[in-house]
Amino acid sequence: MSTDDIEAVLDEFELYATERQKKYGTLLAFSITNLCPLKCDHCIVNANTFKDELSADDYYRCLQQVEHSNIKQISVTGGEPFFIPHKLKVFSDLCLKQN
């Protein structure tokens, strides 16, 4: 693939991404934990190695700023986010508030 071909693909993707953002808003992904009982070979999260995670209060402060932005979609990922129910509650509270 030539440099021109690569640039054309990137230009097309940028146009697609811009149109998608106009239609759906910006996506914000929160990785709330690295904890996970599985050790999947394909996983990009190096589970159980990082201990420096945000508190639930930190997420509340972040999400208060998100409420007044163009961010329309939030993805909650991890490790395994369901291991941290008190942090997931932060996101469910935001969803309830928005509806």
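Residues numbered from 1 in each chain as written. Predicted model: local features only at pLDDT ≥ 70, side-chain atom pairs only at ≥ 80, totals over all residues. Heavy atoms only, no water.

The next thing to look at is the pattern of salt bridges. In this structure the tally under the stated criterion is 2 salt bridges. One salt bridge connects R61 with D58, and the closest N-O pair in it is separated by 2.4 Å. Of the two residues, R61 and D58 both sit in helix 2 (residues 56–66), 3 residues apart, roughly one turn of that helix. Residue classification places D58 among the partly exposed residues on the basis of a relative accessible area of 23%. The partner of D93 in a salt bridge is K89, and the shortest N-O contact between them spans 3.0 Å. With D93 and K89 both in helix 3 (residues 85–98) and 4 residues apart, the pair spans about one turn of that helix. Judged by relative accessible area, K89 falls into the partly exposed class, the value being 45%. (Salt bridge = Lys/Arg side-chain N within 4 Å of Asp/Glu carboxyl O. Helix = DSSP H or I, 4+ residues; strand = E, 2+ residues; numbered from the N terminus. Buried < 20%, exposed > 50% of the residue type's maximum accessible area, 1.4 Å probe, protein only.)

For an α-helix, the turn length of 3.6 residues means that residues three or four places apart are oriented alike. Taken together, the buried positions of helix 2 are occupied by A56, Y59, L63 and V66. All buried residues of helix 2 fall inside an arc of 65 degrees around its axis, so they share one side. Projecting away from the buried face of helix 2 at angles above 90 degrees are the exposed residues D57 and Q65. (Arc of directions from axis to C-beta.)

Quick look at the environment of C43 now. Within the fold, C43 resides in the loop between strand 1 (26–31) and helix 2. Judged by its relative accessible area of 38%, C43 is partly exposed. Residues C43 and G79, 36 residues apart in the sequence, show an inter-C-alpha distance of 8.8 Å.

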